Amino acid sequence: MSGHDHGDDGVSRRKVLECMTWAGTGVLWTITGGVPRSLGIIDSAQAATAATPGMTFLQISDSHVGFDKPANPNALGTLEEAINKINAMPAKPSFMIHTGDITHLSKAAEFDNADRIISQSKLDVHYVPGEHDFLDEEVKFYRERYGRGTKGAGWYSFDAGGVHFVGLVNVVDLKAGGLGNLGAEQLAWLEDDLRGKSKSTPIVLFAHIPLWTVYPEWGWGTEDGGRALEYVKGFGSVTVLNGHIHQVMQKVEGNVTFHTARSTAFPQPAPGAAPSPGPMKVEDARLRSMLGVASINFKQNEQRLAIIDTPLQG
């Protein structure tokens, strides 16, 4: 966060969010009254979390199993490194969510390899698809493995630890420029799913493409995401988790915290920093510092979920 003047209490919301957007490597954020506060880098953050235990779950994203281009010739290997890092955590998380692009080309062997590695975590895993998981003609490989018991193209909800989780699918019928799309059927289901929930219930929405508009020129947003967010406006604590852009970005709007995760496969450029999105080749020594996983902790009676982003290295 160098280059910003931070006071103890008077830091401007704009500057705090600016720091969150670009500095989020390995930092645990808690949010009180809409203002983010850092508990420190990974080691001290994990100690702080362990001292006041709550429900912890993990997010991984964009494994792109099958990718073998110069940006990372061994995406399966870095996924395995991520799972090894998870297995080394001192406290076992409750479960894991994967926010899509499990595979690169939706091949059966790619799904098999992903399952083989991810299952080594011995955690329950809740998936939503990325556009790379829906490339086979009948979209059967994803649906056969992860779509049973879901609605429509694969959306569903569940409850854990006092939190209501909703897995959304926004990679069907992509809009101009690749913008995500939820569609009327899914939005009607979401409205019904949330109806009757206590407004004090923490809500976690997770989908592949960001539900907020990050950079529409690259399709980094969901055209009808605003409709979904309207349905959670009355809840006191809402967290929205996404992948797709392969980098940590966060923002807070009222009761909603938005967070996008790193990939376990390859980085992408910052919005507008290149002619187009896509795999970004970096020095081999830097690659693992730009890949990683996220750990999310929920404590009863706290307004927000705390998020630790952990790079594979550094």
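Residues numbered from 1 in each chain as written. Predicted model: local features only at pLDDT ≥ 70, side-chain atom pairs only at ≥ 80, totals over all residues. Heavy atoms only, no water.

Caption draft 1: Structural context of the packing of aromatic side chains. Considering all chains together, one arrives at 15 aromatic pairs under this definition. Judged by centre distance (5.6 Å) and plane angle (80 degrees), the rings of F95 and F158 are edge-to-face. Of the two residues, F95 is situated in the loop between α3 (75-87) and β4 (96-98) and F158 in strand β6 (residues 156-160); the sequence distance between them amounts to 63 residues. Here F95 and F158 have matching classes, each one buried. With centroids separated by 5.7 Å and ring planes inclined at 50 degrees, the aromatic side chains of W212 and F258 adopt a geometry described as tilted. Highlighted residues: W212 in the loop between β8 (203-206) and α7 (225-230) and F258 in strand β11 (residues 256-260), separated in sequence by 46 residues. When sorted by exposure, W212 lands in the same class as F258, which is buried. Put simply, the rings of F57, F95, Y156, F158, F165 and F206 touch in pairs and so form one group of aromatic residues. Here R143 stacks its cationic end above the ring of F134, 5.7 Å away from the centre of that ring. Above the plane of the ring of F235 lies K199, whose end atom (NZ or CZ) is 4.3 Å from the centre. (Phe/Tyr/Trp six-rings, centres within 6.5 Å; stacked < 30°, edge-to-face > 60°. Helix = DSSP H or I, 4+ residues; strand = E, 2+ residues; numbered from the N terminus. Buried < 20%, exposed > 50% of the residue type's maximum accessible area, 1.4 Å probe, protein only. Lys NZ or Arg CZ within 6 Å of the ring centre and 35° of its normal.)

Caption draft 2: Focus on the environment of W155. Among the secondary structure elements, W155 is positioned in the loop between α5 (140-146) and β6. A sequence separation of 34 residues divides W155 from W189, and the C-alpha atoms of the two residues are 9.1 Å apart. When sequence neighbours within four positions are dropped, the list of residues in contact with W155 reads T150, G167, L168, V169, E185, Q186 and W189. (Contact = heavy atoms within 4.5 Å.)

Caption draft 3: Up close: the side chain of T264. Structurally, T264 can be placed in the loop between β11 and α8 (284-287). Using a relative accessible area of 0% as the deciding quantity, one classes T264 as buried. Non-local contacts of T264, meaning those with residues more than four positions away in its chain, are made with S61, D62, S63, N72, A75, T78, L79, A82, L291 and G292.

Caption draft 4: Structural detail: unusual backbone geometry. Backbone geometry at S106 places phi at a positive 60 degrees, although glycine is not the residue there. Residue placement: S106 occurs in the loop between β4 and α4 (108-118).

Caption draft 5: The nonpolar core, seen in detail. Of all hydrophobic cores here, the largest spans 58 residues; its most connected members are L190 and L205. Contact partners of L190, with chain neighbours within four places excluded, come to V166, L168, L205, A228 and Y231. (Core = buried A, V, L, I, M, F, W, Y, C linked by side-chain atoms within 4.5 Å.)

Caption draft 6: Representation of helix α6 (residues 184-194) within the structure. Q186, L187, W189, L190, D193 and L194 are the residues of α6 that are buried. All buried residues of α6 project into a common sector of 160 degrees when viewed along the axis, lining one side. Exposed and oriented more than 90 degrees from the buried face of α6 are A184 and E185. G196 sits one or two residues past α6 and shows a positive phi near 90 degrees. (Arc of directions from axis to C-beta.)

Caption draft 7: The confidence of the model for the protein chain, seen in detail. Looking at the protein chain, the pLDDT average stands at 83 and 82% of residues meet or exceed 70. Across residues 47-52, confidence stays below pLDDT 50; counting only partners more than four residues off in sequence or on other chains, it has six contacts. (pLDDT = per-residue confidence, 0-100.)

Caption draft 8: Seen up close, the pattern of salt bridges. Counted by the stated rule, this structure contains 10 salt bridges. The shortest N-O distance in the salt bridge between D115 and R145 comes to 3.5 Å. Here D115 is found in helix α4, whereas its partner R145 is found in helix α5, with 30 residues between them in sequence. Taking relative accessible area as the criterion, R145 reaches 28% and is therefore assigned partly exposed. The closest approach of N and O atoms between K233 and E230, which form a salt bridge, is 3.2 Å. Among the ionic contacts, a cluster of salt bridges with common partners joins D112, D115 and R145. (Salt bridge = Lys/Arg side-chain N within 4 Å of Asp/Glu carboxyl O.)

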